[in-house]
Amino acid sequence: MMKFLTIEPVRVLLYLVGIIAFTAANAAYLVLAERKGAGRIQRRPGPNEAGWAGILQPVADGIKLLAKQVMVPPGTDSLLFRAAPLMVMAPPLLCLAVIPFGDTIVACNLNIGLLFVFSFGSINVMALMLGGWASRNKFAIISSARVVSQNVAYEIPMLLVVITMLMVTGTMNLGEIVRQQAGGFWHWNLLKVWVNPFMPVTFIIFFICMLAETNRAPFDMAEAESELVAGAFTEYGGMGFGVFFMAEYANIVVGCSLATILFLGGWQSPIGVLSGGWFGAAWFLVKLYALIFTVIWIRWTFPRTQFYSLLNLSWKILIPVSLVTLLLTGVMMKIL
Amino acid sequence: MSLFSSISEVFKGFKSLLVGMRITAGQAVKPTITVQYPHQTLKMPDRFRGHLELTIDPATGQTKCTACGLCVRACPSDCIDLDGLKKEGEKRKSVSKYEQNFTQCSLCGCCVDACPSDAIQYSKDYNVVSFNRDDFGKMDLFRKAEIKKQDWLKAHPQPPAPVVPPPPTTPAAPAPAPEQKQP
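Residues numbered from 1 in each chain as written. Chains lettered and ligands numbered in written order. Predicted model: local features only at pLDDT ≥ 70, side-chain atom pairs only at ≥ 80, totals over all residues.

Engineer: In this structure, what is going on with the overall build of chain A? I would like to understand it.
Structural biologist: Across its full length, chain A carries 12 helices and 0 strands. Starting at the N terminus and walking to the C terminus, you meet the elements of chain A as α-α-α-α-α-α-α-α-α-α-α-α. Expected size for 336 residues packed as a compact globule is a radius of gyration near 20 Å; at 20 Å, chain A falls within 12% of this value. The C-alpha extent of chain A, read off along each of the three principal axes, is 65 × 55 × 45 Å. (Helix = DSSP H or I, 4+ residues; strand = E, 2+ residues; numbered from the N terminus. Rg over C-alpha atoms; globule rule 2.2 N^0.38 Å.)

Right under this line is the structure:
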């Protein structure tokens, strides 16, 4: 039986189904977690009528969205309008293929995993832009312009941070990056201050950029509902809108997994006990969801920034600081 | 702006973000204060003003209203309509019809103030809804009082006979009755 599972086509099929199921379950239930978290922070229980403690709320939402008519408004570019939700949902699914959940639990152990994630991650921006542009709606087009300028601004510090990490790790293989962080939390890249004293700052920059790249509050310029109706999703109804919404959470999962792998030691146990195998996957998920709940926590704490202060933050603070860390890492690696 | 002041501003800003996150986390661990409305309801405060209702004397289970009509005269919106009749064997008149036009009532409270026998009060009922306009245009308070009388009778299975004073079966309920009739 185990031998049958390790045949290559079967293995690929199982990972495919598993990744799709993981993404869909996360996208559905993170919406619930978000609403519950928002409720707790505002001292109300959140959705709790559908099923026990609201556990069936995502199902109810899904049925409602599926029952709605998917309309293509007249005058839109109907091909791009229909393609945008697909293009926004596909990249996180692809990215999860190279994310190692455990020592051996990875769908595709790619040598350029990090590059793969970033190259496909940027399709998300293009899909939002296309969706907004194809909608033939002024709010959607403003939102598209914002998405593009925001992502151009935040891609730079993120990639500078990633280059710093590449200099430290020396490999793009995500599994190898995690293996280098074995042996307790003081070996994690987050706390490798002997390589670069600014390592925690690097993590914070990465996290802020991840929030901006996934268009999360306080950087949710793409879907600034109080200014731009629903931003790029204004003209989408039914499951078209639902897919955009799910893709946002799928992107958060990918971004937080990447932060976990690069900085928090992936599947490595923080104190050396209960490591390896399925425990590794459990550690990975614990770290992943801790980061995701931080993302939710941030959303319900801070108001949306103004657009120019958003760009100021990137160009005036994050990019100089990440450049300094990059240079400092280079210098320290040369000296030490 | 010098370099150092802008750097210190960044640190201050970052610290303020952490303070904000600590506050929301502190709120998140406190208990929720939601009242799950259809399942739970709040107790209305004493000064809540709903529509009028006729009070029931807890001693006798009868309405206190003597149909004197002072509330009708006190009402600035002219929205009370009542009628009374004299039952046999009773000294005072008792109300036989009491309709409030709730669509015109401004809840000013003149009627409640004017009533000499504390026979009307604000109800605490805010779940008033109907498809029929007359349910508010001619809100039949007498019928509601009749229903409350029935409830009172159910709560007091053996109503005290008012004619001859037999030994009271439920000492709590009939005992205050003669006291109230004396003045």
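Engineer: Help me understand the overall build of chain B in this model?
Structural biologist: Within chain B, the regular secondary structure consists of 6 helices and 5 strands. Ordered by position in the sequence, the α and β elements of chain B form the string α-β-α-β-β-α-β-α-β-α-α. Looking at chain B residue by residue over its 183 residues, the buried ones come to 13%. Sequence-distant contacts, at least 24 apart, represent 70% of the contacts inside chain B between residues at least 6 apart. (Buried ≥ 20, exposed ≤ 12 C-beta atoms within 10 Å, placed from the backbone. Contact = placed C-beta atoms within 7 Å.)

Engineer: So what exactly am I meant to see when it comes to the sheet that holds strand β3 (residues 94-100) of chain B here?
Structural biologist: Sheets are built from strands paired through backbone hydrogen bonds, the pairs being either parallel or antiparallel. Residues and elements named next belong to chain B. Pairing is antiparallel across the open sheet formed by 3 strands, whose spatial order is β2-β3-β5. Edge positions in the sheet fall to β2 (80-85) and β5 (139-140), since each has one partner strand and no second. Here helix α5 (residues 141-155) sits on the sheet and contacts β3 and β5; the angle it forms with β3, its principal contact strand, is near 125 degrees. (Pairing = 2+ DSSP bridges. Axes fitted to C-alpha atoms, helices over the stretch in contact; angles between N-to-C directions.)

Engineer: Help me understand the environment of Ile205 of chain A, please; the structure alone is not making it clear to me.
Structural biologist: Residue and element names in this part refer to chain A. Relative to the elements of secondary structure, Ile205 occurs in helix α9 (residues 199-213). Considering only alpha carbons, one finds Ile205 and Val321, 116 residues apart in sequence, at a separation of 8.6 Å. Non-local contacts of Ile205, meaning those with residues more than four positions away in its chain, are made with Pro157, Val161, Leu318, Val321 and Ser322.

Engineer: Would you take a moment to explain the confidence of the model for chain B for this structure?
Structural biologist: When pLDDT drops low, the exact placement of atoms in the prediction is not to be read closely. Residue and element names in this part refer to chain B. Predicted confidence across chain B gives a mean pLDDT of 81, with 85% of residues reaching 70 or more. Considering only residues more than four positions removed or in separate chains, one finds that residues 173-183, a stretch of pLDDT under 50, has 10 contacts. The ipTM, which scores confidence in the relative placement of chains, is 0.74 for this predicted complex, and the corresponding pTM is 0.77. (pLDDT = per-residue confidence, 0-100.)

Engineer: When you look at the nonpolar core in this model, what are you seeing that I'm missing?
Structural biologist: As a rule of thumb, nonpolar side chains are buried together in soluble globular proteins. Residue and element names in this part refer to chain A. Of all hydrophobic cores here, the largest spans 84 residues; its most connected members are Phe206, Cys209, Ala259 and Ile292. In terms of residue count, the dominant contributor to this core is helix α10 (residues 238-263) (16 residues). Not counting the four nearest positions on each side in its chain, Cys209 is found in contact with Tyr154, Pro157, Met158 and Leu318. (Core = buried A, V, L, I, M, F, W, Y, C linked by C-beta atoms within 7 Å.)

Engineer: Explain the packing of helix α4 (residues 78-96) of chain A against helix α5 (residues 113-121) of chain A here, please?
Structural biologist: The geometry of a pair of packed helices is captured by two quantities: the angle between their axes and the separation between those axes. All names here are of chain A. Following both chains from N to C, one finds α4 and α5 inclined at 175 degrees, their axes separated by 9 Å at the closest point. When the axis of α4 is compared with that of α5, the two are roughly antiparallel. For the pair α4 and α5, contact is made by Pro91, Leu94 and Cys95 and by Val117, Phe120 and Gly121, respectively. Residue composition of the contact of α4 with α5, by class: 5 nonpolar, 1 polar and no charged. (Parallel < 35°, antiparallel > 145°, perpendicular 65-115°, else oblique. Nonpolar A, V, L, I, M, F, W, Y, C, P; charged D, E, K, R; others polar.)

Engineer: Teacher, can you tell me more about unusual backbone geometry here?
Structural biologist: When glycine is set aside, most residues are seen to have a negative phi, and most peptide bonds are trans. In the Ramachandran plot, Ala53 of chain A falls in the positive-phi region, its phi being about 55 degrees despite a non-glycine side chain. With respect to the helices and strands, Ala53 of chain A occurs in the loop between α2 (8-41) and α3 (57-67). With a phi close to 55 degrees, Ala67 of chain B is a non-glycine residue in the positive phi region. With respect to the secondary-structure elements, Ala67 of chain B resides in the loop between β1 (52-54) and α2 (70-74). Exposure remark for Ala67 of chain B: the 20 C-beta atoms within 10 Å place this residue in the buried category.

Engineer: Where do I start with α2 of chain A in this structure?
Structural biologist: Each turn of an α-helix holds 3.6 residues, which means side chains three or four residues apart point in the same direction. The end-to-end C-alpha distance of α2 of chain A, which contains 34 residues, comes to 47 Å, matching closely the 50 Å that a straight helix rising 1.5 Å per residue would cover. Among the residues of α2 of chain A, Thr23, Asn26, Ala27, Leu30, Val31, Leu32, Glu34, Lys36, Gly37, Arg40 and Ile41 of chain A are the ones counted as buried. Residues of α2 of chain A that are buried sit in contact with α3, α4, α10 and α11 (277-299) of chain A together with α1 (3-28) of chain B. Phi turns positive one or two residues past the end of α2 of chain A, at Arg43 of chain A, with a value near 60 degrees. (Expected span 1.5 Å × (residues − 1).)

Engineer: Looking at this structure, I do not really get the pairing of β3 of chain B. What am I missing?
Structural biologist: On a regular strand, each side chain points to the face opposite its neighbour's, so the side chains alternate between the two faces of the sheet. All names here are of chain B. By the bridge criterion, 6 bridges tie β2 to β3 in an arrangement that is antiparallel. When the bridges of β3 are listed, Gly84 appears paired with Val95. In terms of strand pairing, β3 meets β5 through 2 bridges, oriented antiparallel. Considered in β5, the bridge of Glu99 is made with Asp140.

Engineer: Where do I start with helix α7 (residues 138-169) of chain A in this structure?
Structural biologist: Helix length check: α7 of chain A (32 residues) gives 45 Å between terminal C-alpha atoms against 46 Å at 1.5 Å per residue, within 8%. Phi for Gly170 of chain A, located one or two positions after α7 of chain A, is positive at around 80 degrees.

Engineer: Got a minute to help me understand the environment of Leu153 of chain B in this structure?
Structural biologist: Residue placement: Leu153 of chain B occurs in helix α5. Sequence separation between Leu153 of chain B and Lys64 of chain B is 89 residues; the distance between their C-alpha atoms is 16 Å.

Engineer: Can you help me understand the packing of helix α6 (residues 123-134) of chain A against α7 of chain A in this one?
Structural biologist: Residues and elements named next belong to chain A. Relative orientation of the contacting elements α6 and α7 amounts to 160 degrees, with a least axis distance of 7 Å. Judged on the interaxial angle alone, α7 and α6 are roughly antiparallel. When you trace α6 past α7, the crossing you get is left-handed. Contacts from Val125, Leu128, Met129, Gly132 and Trp133 of α6 reach α7 at Ala140, Ile141, Ser143, Ser144, Val147, Val148 and Asn151. Here the contact of α6 with α7 is built from residues that sort into 8 nonpolar, 4 polar and no charged. (Left-handed = near helix turned anticlockwise from the far one by under 90°.)

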